[in-house]
Amino acid sequence: MYSANHWGGSFEIATDGAASEDDDSRNTDLDPGALQSSAARLHRHELDETQLGWLLGPPAAKKKNRHVDLGCVVVKRKVLVWAFWALVAGFVVVGVPVIVSRSIPRKIPRPPPPDQYAEALHKALLFFNAQKSGRLPRSNGIRWRGNSGLKDGSDAKDVKGGLVGGYYDAGDNIKFHFPMAFSMTLLSWSVIEYSAKYKAVGEYDHVRELIKWGTDYLLRTFNSSASTIDHVYAQVGAATIKSKTPDDHYCWNRPEDMAYPRPSLSVSTAPDLGAEIAAALAAASIAFRDDAAHSKKLAHGAATVYEFATRGSSSNNNNNQATYSRHRPEIEPFYNSTSYWDEHVWGAAWLYYATGNSSYISAATGPALAKNAMAFDNGILDLSVFSWDNKLPGAGMLLSRLRMFLNPGYPYEASLSGYHRAAELDMCKCLRRFAAFNFTRGGLALFNHGRGQPLQYVVANSFLAALYADYLDAVNVPGWNCGPHFIPADELRAFARSQLDYILGDNPRKMSYVVGYGQRYPRHVHHRGASTPRNGVRYSCTGGYTWRDSKKADPNVITGAMVGGPDRRDRFNDSRMAFGQTEPTLVGNAGLVAALVAVTSSGRAVDRNSMFSAVPPLFPAAPPPPPAWKP
């Protein structure tokens, strides 16, 4: 075994001859570094880690890394720990209570109570049940009404089953098909736009049943299964002014007691009536889109009768036909049509929406048709009033809808922009600030210049005002311009509500003009069925005069009937003989229903898409992307 020097250097102890050990000891207190001999410094050797461990004991523990590399950022470990525990604490404080609260079973909250417009809507629809003709279903709900008019159309040999059904027009017992068709068009339009609101108030099935009752009858007024027809029935029942023989005006009978002749009037020229029936059937086909077979039947009938209506006239010239009412004493004094070009635009627009056939939108937007209808003639004030005799404002609104929601562009843009601008001007004229129409002191718009039956014009135009406000909201446009004035959409809606509020009782007389609504309403309605008791007695033609002339209130309350309305000074004569003020009509109640459902807060606003369910894509589909490139 050999000795070895593990420390390095020599085993010999070197000494410095120049200084003794005692000297080194003394000098230690002065400068220890200086005491080292030069020889020791020369042989000094740095120790490695292992050697230091032998001399100094175990090394100090390494401090842990204080940072964590998260890839995109380096974070202190302490921060990461605090963040984790903060998340845990947040979950305990916030998440656990939320989970517990949601796990607790809750009662479904009740919908908000219906507003006054929804309450009035329930009643307004009942008027149509009271006006039904034919064999009534048990569910009709009007106790004082029964089967009537079961022999109607027996003289119309070409109509299988006769002309049984439909609706009586007003307080008499005549079935005028022109205003009846317009009423069905209005009801269908309101269902297409506001189906969610009807469902919210529980009237969706009811209103569709009323539309079906009317449009099924209209399908019987011509050969709706054919593609070409040469006549259409204009009405059932007749009367002449100051008649002295039994007819529907001379006699005062309940419909159930009618015993006088009721002729069926056929017309071979009906450019206005035919187009209005087409509009009613086309609109109903959209409202019944969920019933494919019935919808198709309605659309086919609409196309057939529209072809009949437009056959003898061309929009490319002013080849005027005779209106359906011209020189007809049974029609002209009551529902005289002053033009038919407006019905042609109106019917074509509805048929386009119902079928998607581009020929109809081409016809509706044709510049010659617009010229003949005077669609863009803003100088004639009465052309701005929507009514059974003037469909231009309604047609303009329908075509504005196409531009606002789908914007088809060329070749329709020039005409559509004209109709849109005309619709905007119609809305401007509704507002009191522009003084286009007079208003009563109580705030009622006099769209028919103070003549009889003012309310039916008020509600029809209030419907358009509320509808246009909803169109603006649906396309996120805050309003429109009337000349230099910007008008917010809410101002239109406020106008519509103000007119309905007047009708429902916010007027100088504090009287509701809807029978059965509120505490004070008309009690002497000009209506044969409402004024004659159902007491088992069958009154003769003139025997009913006792009830017509009676000062007593109606024995049968015709709930929901909107009467004609007050005069230009807000005065109202609650008398059966004042028929201009106390007689209800189909078109009046149809407009009332449409306006009420438009302004009620129940349910959501307009349905953007149902109107266009049959309209094909306006632009070609985008081509598929090219296949992925592979090397």
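What you are looking at is a predicted structure, and each value in this text was computed from that prediction instead of being measured.

Asks: Which parts of the structure should I look at to understand helix 7 (residues 177-200)?
Replies: Owing to its 3.6 residues per turn, the α-helix aligns residues three or four sequence positions apart on the same side. Of all bends in helix 7, the biggest is about 90°, found at tyrosine 194. Following helix 7 by one or two positions, glycine 202 has its phi on the positive side, about 75°.

Asks: I'm lost on unusual backbone geometry in this one. Help?
Replies: Excluding glycine, residues mostly carry a negative phi; peptide bonds, for their part, are mostly trans. Geometrically, the link from tyrosine 410 to proline 411 is a cis peptide bond, its omega value of 5° lying close to zero. In the Ramachandran plot, histidine 327 falls in the positive-phi region, its phi being about 60° despite a non-glycine side chain. Tracing the backbone shows histidine 327 in the loop between helix 10 (292-310) and helix 11 (341-355).

Asks: I would appreciate a short explanation of the sheet that holds strand 5 (residues 264-267) in the present structure.
Replies: Strand-to-strand pairing in sheets goes through backbone hydrogen bonds, with the strands running parallel or antiparallel. On the basis of which strands lie adjacent, the open sheet formed by three strands has the order 3-4-5 and antiparallel pairing. Among the strands making up the open sheet, the edge pair consists of strand 3 (175-176) and strand 5.

Asks: Which parts of the structure should I look at to understand the state of the cysteines?
Replies: A covalent bond between the sulfur atoms of two cysteines is what we call a disulfide. Scanning all chains against the criterion turns up two disulfides. The side chain of cysteine 251 participates in a disulfide bridge whose partner is cysteine 541; the two sulfur atoms lie 1.9 Å from each other. Negative torsions about the S-S bond denote left-handed disulfides, and the value of about -95° found for cysteine 251 with cysteine 541 makes this one left-handed. Here the residue cysteine 251 occupies a position in the loop between strand 4 (232-236) and strand 5, and cysteine 541 occupies one in the loop between helix 18 (528-531) and helix 19 (545-548), the gap between them amounting to 290 residues. No difference in accessibility class separates cysteine 251 from cysteine 541, as the two residues are buried. The disulfide bridge from cysteine 428 ends at cysteine 482, spanning 1.9 Å between sulfur atoms. The sign of the -95° torsion about the S-S bond sets the cysteine 428-cysteine 482 disulfide as left-handed. Pair noted here: cysteine 428 is in helix 15 (residues 413-430) and cysteine 482 is in strand 6 (residues 479-482), with a separation of 54 residues, a long-range link. Here the two residues cysteine 428 and cysteine 482 agree in accessibility, since each one is buried. The disulfide pattern of the chain is 1-4, 2-3 when the bonded cysteines are numbered in sequence order.

About the criteria used
Residues numbered from 1 in each chain as written. Predicted model: local features only at pLDDT ≥ 70, side-chain atom pairs only at ≥ 80, totals over all residues. Heavy atoms only, no water. Bend = angle between axes of the 7 residues up to and from the residue. Helix = DSSP H or I, 4+ residues; strand = E, 2+ residues; numbered from the N terminus. Pairing = 2+ DSSP bridges. Disulfide = S-S within 2.5 Å. Buried < 20%, exposed > 50% of the residue type's maximum accessible area, 1.4 Å probe, protein only.

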